[in-house]
Amino acid sequence: MVMQRLVKLVSSLRPFTHGAMSPTSRRHSSLTGKYFAIIMGCLLLFIAGAAAVQYKTLRSQMKGDVKSTAGDMLETVDAIVAEKPDLVGTPALQRIITHFTTDAPTKSHMWVTDENDRIVADSDTEDSPVQHRLSTAILRGAQDTSILFKVGSSTFFASAHAIRRAGSDSLSPPIAVSGIQISIRSFEREPILALVSNMG
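This one's a predicted model, so the numbers in the text were calculated from it and none came from an experiment. (Residues numbered from 1 in each chain as written. Predicted model: local features only at pLDDT ≥ 70, side-chain atom pairs only at ≥ 80, totals over all residues. Heavy atoms only, no water.)

Examined against the element boundaries, S183 turns out to sit in strand β5 (residues 176-183). Overall, the relative accessible area of 15% leaves S183 in the buried class. (Helix = DSSP H or I, 4+ residues; strand = E, 2+ residues; numbered from the N terminus. Buried < 20%, exposed > 50% of the residue type's maximum accessible area, 1.4 Å probe, protein only.)

And the structure:
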């Protein structure tokens, strides 16, 4: 809609002539052409600036969506393990992790490490480059943590939570650490698609 309005506006500003032009008419046409070029330049600068602001806003929203999705998935696993600590290291926990990643809204990799930093459930056969980095930090007393990192041309968001027994306080040692890694490639396309859609 925005582009259609601009086309109509530009069409209304174009100089037009009929037949032979007098010197005065030619000067007038030249001035009109210059004004037209200036107006077009200003319009293009305005469009570029507005698009940049909108894209930045949409990217910020995209990152918020990724963090929210990861947080929701981790909190659900955390609640299950906190209520049933005996699940740590069992096939049942592996099935739970696999189920969550299969039904996830985007490609994700989840894992759980025990209090000795051993991976006891993993939804992917390939290790994440940040699995032990995050879980070790949590086991050493860090708060719930998250990072953005790249592997080749792909960008990932990773987060880890400390899991404590239900009813225990925040100072008690964790019984396990849950982690998640999400590819944000699909999320990265959304700001561009939304921007193009708004300009259509």
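After presenting the structure, the write-up continues.
With that settled, the discussion passes to helix α4 (residues 131-139). Those residues of α4 not exposed but buried are Q131, L134, S135 and I138. With its buried residues spanning 90° around the axis, α4 presents them on a single face. Residues of α4 that are buried make contact with β1 (108-114), β2 (119-122), β3 (145-151), β4 (154-163) and β5. (Arc of directions from axis to C-beta. Contact = heavy atoms within 4.5 Å.)

Right, let's get into the pattern of salt bridges. For the structure on display, the rule yields one salt bridge. Across the salt bridge formed by R118 and D114, the nearest N and O atoms sit 2.9 Å from each other. Overall, D114 belongs to the buried group, its relative accessible area being 7%. (Salt bridge = Lys/Arg side-chain N within 4 Å of Asp/Glu carboxyl O.)

Note: most residues except glycine have negative phi, and most peptide bonds are trans. A positive phi angle, close to 70°, is found at D117, a residue other than glycine. Looking at where D117 falls in the secondary structure, it is placed in the loop between β1 and β2.

Quick look at the packing of aromatic side chains now. A full pass over the atoms with the stated rule returns one aromatic pair. Centroid distance F149 to F156: 5.6 Å. Interplanar angle 20°. Geometry classified as stacked. The two residues F149 and F156 agree in class, both being buried. (Phe/Tyr/Trp six-rings, centres within 6.5 Å; stacked < 30°, edge-to-face > 60°.)

The topology assignment puts T101 in helix α3 (residues 91-102). In this structure T101 touches M73, S108, H109, M110 and S123, once residues within four positions along its chain are discounted.

This brings us to α3. Helix length check: α3 (twelve residues) gives 16 Å between terminal C-alpha atoms against 16 Å at 1.5 Å per residue, within 8%. Looking only at α3, the buried set comprises L93, I96, I97, F100 and T101. One face of α3 carries all of its buried residues, which in axial projection span an arc of 125°. Those residues of α3 that are exposed and angled more than 90 degrees off the buried face are P91, R95 and T102. (Expected span 1.5 Å × (residues − 1).)

Following the sequence through the fold, V77 ends up in helix α2 (residues 23-83). You can call V77 buried: its relative accessible area is 1%. As for V77 and W111, which are separated by 34 residues in sequence, their C-alpha atoms are 9.9 Å apart.

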